[in-house]
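Structure assessment
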Amino acid sequence: MDLVQYLPQLGQGLLVSLQLTAISVVFGYAVGLLLALGVSSQLPWLKWPTLVIVEVGRGIPSLVVLYVVYYGLPSIGLLFDNFAAAAIGLTFTVAAYSSEMLRAGIQSVHRGQNEAAMALGLPQTSTFTRIILPQGLRSSIPALMGLAIQSFQGTSLAYSISVSELMSNAYQSSSITFQYLQIYAITGLVFAAIAVPSTWTSVWVEHRLAKGFA
Amino acid sequence: MSQQLITESQQVTSAGVTITNLSKSYGDNRVLDNISINVKPGSVTALIGPSGSGKSTLLRCINLLETPDEGTITVGTTTVEARARVSDRALLDLRRQVGMVFQSFNLFPHMSVLRNVAFPQEKILGRSREEAEERALTLLDRVGLREKAHQHPDRCSGGQQQRIAIVRALALNPRAMLFDEPTSALDPEVGLEVLAVMRELAAGGMTMIVVTHEMQFARDVSDHLVVMADGHIIEEGRPAEIMANPVQERTRRFLSAVLER
């Protein structure tokens with residue numbers, strides 16, 4: 001079973017994929033929250049530009065974003081190595097998608113919560129950060145977990161700009177041995193081995209949240 | 001016990017609430033038409049009337065959850081003019097003097113009962129965490145809910161949640177309290193627990209304005225009864241007198257409808 005000798009390479013690729021996922025999720029959600037706040041703003045000069053960013057990010061396929069960052073931006077002097085380009089591109093896409101999830105979560109917080117905080121005399125900032133945001137984040141969690149799983153799968157697109165992630169290492173291995181079926185099947189299983197339990201976890205979390213937070 | 005609840009909550013004296021020529025419209029719909037009410041310090045005013053009469057809107061104008069179009073609101077020494085621009089400072093000042101209890105409780109579901117009562121004290125009065133929580137526990141004890149302190153609100157019954165909501169407002173030493181149908185979402189039996197706490201508060205000298213359908217409470221506890229319909233005050237006076245001999249036909253119809261339930 002000579003396939004075993006390629007496992008370390010796939011393992012290394014997996015590590016890169018997980019790094020890309022971690023970066024795009026952590027920074028993507030943070031930027032996503034800022035975008036959500038921007039879109040919810042009453043100020044037109046803030047609202048409309050952020051809305052455009054969000055719609056562009058959700059409208060353009062992730063692969064196109066990666067090409068723009070990696071091949072396009074150097075022509076205006078912004079040069080990134082392939083890993084950085086992948087991280088930036090995926091973060092952008094994740095930010096755009098997560099912003100709408102976060103915005104929906106924040107909007108789902110009952111109006112009475114805001115009224116109660118106002119009636120108590122809480123200042124607007126602590127009303128948002130301590131009352132509204134924690135509840136909004138909590139109701140966004142299921143959607144955000146789903147997006148994290150999708151962005152893990154989406155890291156395979158970084159293959160197209162020669163990042164040595166899981167998919168790209170699988171391609172190299174299979175092009176040496178011509179065991180395409182076996183290696184891609186293993187690659188698929190590796191993705192699934194991470195994604196499927198994560199999905200189960202997110203379903204479990206969703207049930208827990210629904211139960212404890214009616 | 002009544003004196004205890006009020007002394008625990010009141011470090012400042014109750015304030016009067018005066019509303020003068022208050023009006024508010026939503027588009028063409030005039031929901032409040034030139035309303036004036038004077039609530040003396042330490043007195044209880046009950047607001048009754050059919051739904052859509054504007055009583056809740058009136059209550060919500062007092063702490064500016066709704067913005068009136070015209071008129072003035074005075075709580076203690078703070079006066080707000082409807083037409084003038086209200087500074088954030090004046091707004092917070094007004095709201096900090098007036099506690100409000102909602103029909104749907106509106107406790108913060110992500111915080112324990114203790115934090116629900118302590119957190120606003122820390123943010124608004126600048127109390128330390130220990131001080132705020134100690135005070136919260138004392139007040140929760142007074143309404144018989146100390147053992148619920150470390151639970152979340154969703155583990156409490158409706159009547160318990162409403163008593164916690166009252167305590168949350170009292171912990172900030174309000175000078176007047178607004179109640180917006182505080183027992184309407186509760187089973188009658190459970191509502192009694194809440195009404196008992198409100199009776200104590202009233203007995204202790206808290207200024208209270210209560211929108212309610214609880215006629216017995218209005219008769220026994222309130223000093224002044226205001227009947228509203230279609231954005232107007234149609235009748236006001238001593239509760240027992242109005243209930244026994246309503247002058248207006250509209251009041252008579254409303255009272256017989258409510259009392260027959």
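Each remark here, short or long, concerns the structure printed above.
Summary of the structure given here. (Residues numbered from 1 in each chain as written. Chains lettered and ligands numbered in written order. Predicted model: local features only at pLDDT ≥ 70, side-chain atom pairs only at ≥ 80, totals over all residues. Heavy atoms only, no water.)

1. Some remarks on the pairing of strand β8 (residues 208–211) of chain B
All names here are of chain B. The side-chain alternation of β8 yields two buried faces, one formed by M208 and V210 and the other by I209 and V211. Here 4 bridges tie strand β3 (residues 44–48) to β8, and the two strands are oriented parallel to one another. Each bridged residue has a counterpart across the sheet, and for V44 the counterpart in β8 is M208. Alignment of strand β7 (residues 176–180) against β8, held across 4 bridges, turns out to be parallel. When the bridges of β8 are listed, M177 appears paired with M208. With helix α7 (residues 188–203) bridging β7 and the parallel β8, this β-α-β connection has right-handed handedness. (Buried < 20%, exposed > 50% of the residue type's maximum accessible area, 1.4 Å probe, protein only. Helix = DSSP H or I, 4+ residues; strand = E, 2+ residues; numbered from the N terminus. Pairing = 2+ DSSP bridges. Right-handed = clockwise from strand over helix to strand, strands pointing away.)

2. Side note on the packing of helix α4 (residues 82–107) of chain A against helix α6 (residues 124–154) of chain A
Residue and element names in this part refer to chain A. Relative to each other, α4 and α6 sit at 140°, their axes nearing to 8 Å. By the angle between their axes, α4 is oblique relative to α6. As for the relative orientation of α4 and α6, their crossing is right-handed in sense. Facing α4, whose interface residues are L90, V94, Y97, S98, M101, L102, G105 and I106, α6 presents F128, I132, L133, G136, L137, S139, S140, A143, L144, L147, S151 and G154. (Axes fitted to C-alpha atoms, helices over the stretch in contact; angles between N-to-C directions. Parallel < 35°, antiparallel > 145°, perpendicular 65-115°, else oblique. Left-handed = near helix turned anticlockwise from the far one by under 90°. Contact = heavy atoms within 4.5 Å.)

3. Quick word on the interface of chain B and chain A
Taken residue by residue, the interface counts 23 residues in chain B and 19 residues in chain A. Carbon and sulfur atoms make up 63% of the area that chain B and chain A hide from each other, which totals about 1900 Å². Taken together, the connections running from chain B to chain A amount to 1 salt bridge. Here E115(A) ties to R60(B) by a salt bridge, and the two come within 2.6 Å at their closest N and O atoms. Among the secondary structure elements, those contributing two or more residues to the side of chain B that touches chain A are α3 (88–97), β6 (98–101), α4 (113–125) and α6 (158–170) of chain B. (Buried area = accessible area lost by both parts, 1.4 Å probe. Salt bridge = Lys/Arg side-chain N within 4 Å of Asp/Glu carboxyl O.)

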